[in-house]
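# What the coordinates show
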Amino acid sequence: MGGAQSNMSIIDPQLVNIEIANLPGERKSGLRLNYRGQIYDLVQAFATHKRERAEQQLQQLIEVDANAVKRSTTDRYLLVQEVGYYSLWKLDLKLNRSILNYQAERDREILELQQASIWLFQELWLQWQDLLGAKQLQIFAEYLVANTPQLKSEVDLDQLLILDPLATAQLAVWSELDSIAFTRQLYQLTQKKIGHQFGTKLTIDIIQAMPDSLRLVLIDILGI
């Protein structure tokens, strides 16, 4: 690959995914390439017989970036061999940062939802125990295990009861929808067993004692 060979190999088209996407801030679409989870924008296409020109252009871009930012930029550009031509792509740094930031925000929201649902469950469990007694509590436990796929047995339920909600890392087996369904199930079960008005008030009182981030999550989900 001439001078560029030491910095970047030609990528097989089967290793990338190319699609048409809306360009940010513009009323038109353009091509985007996904390679190993990173998004690239099209720079230029070269006919097959102009491979040397494509390699030279790639090397120039790499060298310019390397001089500008004083670090390796071999991941910033891709040269893809396609049928009848080569395509040159540049990493979309802004978009990739946005994607990473969005994913970090979503991970935080999912974690807070799990923490809030665990907190609510533990507090309601104590209230159920005081208000309804051990026999009714056992019925609740059996109902929750039977209607919550993530709980395989009452042992899982016991584990949930001893977790520190604020110190809990994300529970891998619980998706966002799982936590939402569990939270709503707890709320509805409380209303059904101890009365709609009192159950609603009890739930609101528990939620109001939570940190703001967790409280707002449950208010939104339960609509209270």
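Just so it is clear, the structure is predicted and the values come from calculations on it, not from any experiment.

The rules behind these values
Residues numbered from 1 in each chain as written. Predicted model: local features only at pLDDT ≥ 70, side-chain atom pairs only at ≥ 80, totals over all residues. Heavy atoms only, no water. Helix = DSSP H or I, 4+ residues; strand = E, 2+ residues; numbered from the N terminus. Contact = heavy atoms within 4.5 Å. Areas by Shrake-Rupley, 256 points an atom, 1.4 Å probe, with all protein chains shown as cover. Polar contact = N/O pair within 3.5 Å; in protein donor to acceptor, adjacent residues only side chain to side chain. Core = buried A, V, L, I, M, F, W, Y, C linked by side-chain atoms within 4.5 Å. Buried < 20%, exposed > 50% of the residue type's maximum accessible area, 1.4 Å probe, protein only. Patch = residues over 30% accessible without salt bridge, like charges linked within 9 Å, V, L, I, M, F, W, Y side chains within 5 Å. Salt bridge = Lys/Arg side-chain N within 4 Å of Asp/Glu carboxyl O. Axes fitted to C-alpha atoms, helices over the stretch in contact; angles between N-to-C directions. Parallel < 35°, antiparallel > 145°, perpendicular 65-115°, else oblique. Left-handed = near helix turned anticlockwise from the far one by under 90°. pLDDT = per-residue confidence, 0-100. Nonpolar A, V, L, I, M, F, W, Y, C, P; charged D, E, K, R; others polar.

### A look at the overall build of the protein
A count of helical and extended segments in the protein gives six helices and six strands. Ordered by position from N to C terminus, the α and β elements of the protein give β-β-β-β-α-β-β-α-α-α-α-α. Long-range contacts, defined as pairs at least 24 residues apart, comprise 62% of the intrachain contacts of the protein with a sequence gap of at least 6. On the protein, roughly 13100 Å² of surface is accessible, and the fraction owed to carbon and sulfur atoms is 52%.

### Topic: the side chain of Ser-87
Inspection of the secondary structure puts Ser-87 in strand β6 (residues 85–91). A polar contact is formed between the side chain of Ser-87 and the side chain of Trp-89, at a distance of 2.7 Å. Beyond its immediate sequence surroundings of up to four residues, Ser-87 is in contact with Leu-42, Gln-44, Ala-45, Leu-78, Leu-79, Val-80 and Glu-82.

### Regarding the nonpolar core
With 33 residues, the main nonpolar core has Phe-121, Trp-128, Leu-144, Leu-157, Phe-182, Leu-186 and Met-210 as its most contacted residues. Secondary-structure elements contributing two or more residues to this core are α2 (93–147), α3 (154–162), α4 (176–194), α5 (196–208) and α6 (212–222). Contact partners of Leu-157, with chain neighbours within four places excluded, come to Phe-121, Trp-125, Ala-141, Leu-144, Val-145 and Leu-151. Membership of the second largest hydrophobic core comes to nine residues, among which are Val-16, Leu-33, Tyr-35 and Tyr-40.

### Considering a nonpolar patch on the surface
Residues Ile-18, Ile-20, Leu-31 and Leu-42 make up a contiguous nonpolar surface patch of about 340 Å² in total accessible area. Its place among the elements puts Leu-42 in strand β4 (residues 38–47).

### Here we look at the packing of α4 against α5
Where α4 contacts α5, the axes come no closer than 6 Å and their chain directions differ by 135 degrees. One way to sum up the angle between α4 and α5 is to call them oblique. For the pair α4 and α5, the sense of crossing is right-handed. Between α4, through Tyr-187, Thr-190, Gln-191 and Ile-194, and α5, the contact on the second element is made entirely by His-196, Phe-198, Gly-199, Thr-200, Leu-202 and Thr-203.

### Structural notes on the confidence of the model for the protein
On average, residues of the protein score 82 in pLDDT, and 85% of them are at 70 or above. Ranking the elements of the protein by mean pLDDT puts helix α1 (residues 51–69) last with 74 and α5 first with 93. Below a pLDDT of 50 lies the segment residues 1–7, which in the model reaches 15 contacts outside its immediate sequence neighbourhood of four places, other chains included.

### Section: the pattern of salt bridges
Under the defined criterion, the tally for this structure stands at eight salt bridges. When the shortest N-O distance is used, the salt bridge between Arg-51 and Glu-55 registers 2.7 Å. With Arg-51 and Glu-55 both in helix α1 and four residues apart, the pair spans about one turn of that helix. By relative accessible area, which is 35% here, Arg-51 ends up partly exposed. By relative accessible area, which is 9% here, Glu-55 ends up buried. Overlapping salt bridges, with partners in common, bring together Glu-105, Arg-108 and Glu-112 in one network.

### Focus on the packing of α2 against α5
At a minimum axis distance of 10 Å, the contact between α2 and α5 shows a crossing angle of 135 degrees. On the basis of the axis angle, α2 is oblique to α5. In the crossing of α2 with α5, the sense of the turn from one axis to the other is right-handed. Along its contact with α2, which presents Trp-119, Leu-120, Glu-123, Leu-124, Gln-127 and Leu-131, the element α5 presents Phe-198, Leu-202, Thr-203 and Ile-206. Looking at side-chain class alone, the contact of α2 with α5 contains seven nonpolar, two polar and one charged residues.

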